[in-house]
Amino acid sequence: AQSVTQPDIHITVSEGASLELRCNYSYGATPYLFWYVQSPGQGLQLLLKYFSGDTLVQGIKGFEAEFKRSQSSFNLSKPSVHWSDAAEYFCAVQHNYGQNFVFGPGTRLSVLP
Amino acid sequence: EAGVVQSPRYKIIEKKQPVAFWCNPISGHNTLYWYRQNLGQGPELLIRYENEEAVDDSQLPKDRFSAERLKGVDSTLKIQPAELGDSAVYLCASSPLTGLNTGELFFGEGSRLTVL
């Protein structure tokens, strides 16, 4: 069965520092890959997605993610974090169009002033 | 364009009571999902609809949970009777079912259930 792991439960960074959130998946083929963000009391919002092609994808709010097939990873990064980036971040996979999405457990990001 | 609308936002009930959640997806979105999100965890699928058909309800605890999507638009998720372990946020999401795979789920703000 598909699974998604996010090794870091909670990360704290200072405002202006760089950020990397890790995501690994287990599946035989390359699934569709996504990062969602959830602010407190809100639903999830799509940051970016990877289907095929260029393994470095750009998203909203200055985020990007890199797909590495050899590592079954899809790590999210941002060069300079803003206080408003404090939220919960979820990696998700979909192994084929029309199939269900499987979400990771999430990483909570705190930003220090 | 209006987003996915859910109600109520918050609900507190005693165990063994019934509860219902309502979701109105984005207009034109054929696919509708109900997810449960426990505290500190990612969303877990309960049921997925394509139009009015439930195409995946394998994770729905059918002894106490039920859902319907009459006319393939809005949907209701019901729990009867509620148990303490049902305390969670219930998220509704929708997506268009088109030939072009955007892959994006559009989520509502969720309904937070507390069972006492």
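Residues numbered from 1 in each chain as written. Chains lettered and ligands numbered in written order. Predicted model: local features only at pLDDT ≥ 70, side-chain atom pairs only at ≥ 80, totals over all residues. Heavy atoms only, no water.

**Some details on the packing of aromatic side chains**
Consideration 1: One pass over the full model with this rule turns up 16 aromatic pairs over all chains.
Consideration 2: A centroid spacing of 4.7 Å and a plane angle of 25° characterise the contact between A:Tyr50 and A:Phe67, whose relative ring orientation is stacked. A residue pair is termed long-range when its members are at least 10 positions apart, and A:Tyr50 in strand E6 (residues 44-50) and A:Phe67 in strand E8 (residues 64-68) qualify at 17 residues.
Consideration 3: Ring geometry for B:Phe65 and B:Tyr90: centres 6.5 Å apart, planes at 40°, overall tilted. Here B:Tyr90 lies in strand E9 (residues 88-95) and B:Phe65 lies in strand E7 (residues 65-68), a separation of 25 residues in the sequence. For the pair B:Phe65 and B:Tyr90, a shared accessibility class is recorded, and that class is buried.
Consideration 4: Three or more aromatic residues joined by ring pairs form one cluster here, namely A:Tyr32, A:Phe34, A:Tyr36, A:Phe51, A:Phe101, A:Phe103, B:Tyr33, B:Tyr35 and B:Phe107. (Phe/Tyr/Trp six-rings, centres within 6.5 Å; stacked < 30°, edge-to-face > 60°. Helix = DSSP H or I, 4+ residues; strand = E, 2+ residues; numbered from the N terminus. Buried < 20%, exposed > 50% of the residue type's maximum accessible area, 1.4 Å probe, protein only.)

**Structural notes on the interface of chain A and chain B**
Consideration 1: Between chain A and chain B, the contact holds 21 residues from the first and 24 residues from the second.
Consideration 2: Together chain A and chain B conceal approximately 1700 Å² of surface at their shared face, both sides included; 46% is due to carbon and sulfur atoms.
Consideration 3: For the pair chain A and chain B, the number of links is zero salt bridges.
Consideration 4: On inspection of chain A and its partner chain B, the count reaches five residue pairs in polar contact (both at pLDDT 80 or more).
Consideration 5: Within the residue set of the side of chain A that touches chain B, elements represented by two or more residues are strand E5 (32-38), E6, strand E10 (87-94) and strand E11 (101-103) of chain A.
Consideration 6: Of the residues assigned to the side of chain A that touches chain B, the class counts are eleven nonpolar, nine polar and one charged. (Contact = heavy atoms within 4.5 Å. Buried area = accessible area lost by both parts, 1.4 Å probe. Salt bridge = Lys/Arg side-chain N within 4 Å of Asp/Glu carboxyl O. Polar contact = N/O pair within 3.5 Å; in protein donor to acceptor, adjacent residues only side chain to side chain. Nonpolar A, V, L, I, M, F, W, Y, C, P; charged D, E, K, R; others polar.)

**Things to note about the nonpolar core**
Consideration 1: Of all hydrophobic cores here, the largest spans 26 residues; its most connected members are A:Leu19, A:Trp35, A:Leu47, A:Leu48, A:Phe74, A:Leu76 and A:Tyr89.
Consideration 2: At the level of elements, strand E2 (10-14), strand E3 (19-21), E5, E6, E8, strand E9 (73-78), E10 and strand E12 (107-112) of chain A are the ones that each hand at least two residues to this core.
Consideration 3: The element best represented in this core is E10(A), accounting for four residues.
Consideration 4: Not counting the four nearest positions on each side in its chain, A:Phe74 is found in contact with A:Cys23, A:Leu33, A:Phe34, A:Trp35, A:Leu48, A:Lys49, A:Tyr50, A:Val57, A:Ala65, A:Glu66 and A:Phe67.
Consideration 5: B:Cys23, B:Leu46, B:Ile79 and B:Cys92 belong to the second largest nonpolar core, which has 21 residues in total. (Core = buried A, V, L, I, M, F, W, Y, C linked by side-chain atoms within 4.5 Å.)

**Brief notes about the state of the cysteines**
Residues and elements named next belong to chain A.
Consideration 1: Following the criterion strictly, the structure yields two disulfides over all chains and no others.
Consideration 2: In this model Cys 23 forms its disulfide with Cys 91; the gap between the sulfur atoms is 2.0 Å. Given an S-S torsion of about -65°, the disulfide between Cys 23 and Cys 91 has left-handed geometry. Taken together, the positions of Cys 23 in the loop between E3 and strand E4 (24-26) and Cys 91 in strand E10 put the pair 68 residues apart, joining distant regions of the chain. (Disulfide = S-S within 2.5 Å.)

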